[in-house]
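Structure at a glance
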Amino acid sequence: MPKRSGKAATEGQLLQRAKFKLVSQFLVPLNQLTGKYFGEYQGARSRTNLAMSYQLLETVVEKDGNVEIDYAKVVITKGVLPAPTITDAKVEGGKLSANWKSDAGIGLAKEDDNMMFIVYNKDHHQFYVIDAQVQRKAQSVSASIPAEWVKNNVVWLVIVDAKKKLSSTSAYVGAI
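Nothing here was measured: the structure is a model prediction, and the numbers come from that model.

**Quick notes on the overall build of the protein**
Counting secondary structure elements, the protein contains three helices and nine strands. Taken from the N to the C terminus, the helices and strands of the protein come in the order α-α-α-β-β-β-β-β-β-β-β-β. A total of 176 residues make up the protein; the buried ones form 35% of that total. Contacts spanning at least 24 positions in sequence make up 60% of the contacts within the protein whose residues lie at least 6 apart. Accessible surface computed for the protein: about 10,400 Å², of which carbon and sulfur atoms make up 49%. Separation between the mean location of the 23 positive side-chain charges and that of the 17 negative ones in the protein comes to 7 Å.

Rendered as structure tokens:
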């Protein structure tokens, strides 16, 4: 067991603590997703721990003496299903609208795969998950999000198969 030291933390230690706190607070609401769909089970390391490790190494940037997340680099799920190409996405009037090109029949992509959109609002520091409202074959979605989320939204797409066993690697849709 580590024991408490009387020494003050170094700048490097304080920086690492700030990064850990930032990523931990960001990922906690997504634990169900990361715990089920982030990569392959690796024994002692849970999938959620793998997600935490990835975000710490790949997504945290230092800017003006602070740490922040580079949302374009965030990966929420890691899987084998292909994600379709998003052709258009926007938030207007309390709705997320998105269009995509269906790639059903290519590789493991199936028409009945479920599209899941994960919306993060930077002002409210909250996630909203749009789950199982539409299948891959639909090629478009229009779904309600909290009405007050008119700006500063970040969106990712995750595909989950009909049996909820396989997923895609999350795809960054954009800051909209």
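**Here's the deal with the pairing of strand S8 (residues 153-160)**
Most of S8 sits inside the fold, with eight of its eight residues counted as buried. Side-chain alternation along S8 places Asn153, Val155, Leu157 and Ile159 on one buried face and Val154, Trp156, Val158 and Val160 on a second face that is also buried. By the bridge criterion, eight bridges tie strand S5 (residues 114-121) to S8 in an arrangement that is antiparallel. Note on S8: the bridge partner recorded for Val119 is Val155. Both S8 and strand S9 (residues 171-175) contribute to a ladder of four bridges, which runs antiparallel. For Leu157, the partnering residue across the bridge sits in S9 and is Ala171.

**Comments concerning the pattern of salt bridges**
Evaluation of the coordinates by the stated rule reveals three salt bridges. As a salt-bridge pair, Arg136 and Asp113 come within 2.9 Å of each other at their nearest N and O atoms. With Arg136 in the loop between strand S6 (126-135) and strand S7 (140-144) and Asp113 in the loop between strand S4 (95-101) and S5, this pair connects stretches of sequence that are 23 residues apart. Accessibility assignment for this pair places Arg136 and Asp113 in one class, buried.

Cut-offs and rules
- Residues numbered from 1 in each chain as written.
- Predicted model: local features only at pLDDT ≥ 70, side-chain atom pairs only at ≥ 80, totals over all residues.
- Heavy atoms only, no water.
- Helix = DSSP H or I, 4+ residues; strand = E, 2+ residues; numbered from the N terminus.
- Buried < 20%, exposed > 50% of the residue type's maximum accessible area, 1.4 Å probe, protein only.
- Contact = heavy atoms within 4.5 Å.
- Areas by Shrake-Rupley, 256 points an atom, 1.4 Å probe, with all protein chains shown as cover.
- Lys, Arg positive; Asp, Glu negative; His and termini not counted.
- Charge placed at Lys NZ, Arg CZ, Asp CG, Glu CD.
- Pairing = 2+ DSSP bridges.
- Salt bridge = Lys/Arg side-chain N within 4 Å of Asp/Glu carboxyl O.

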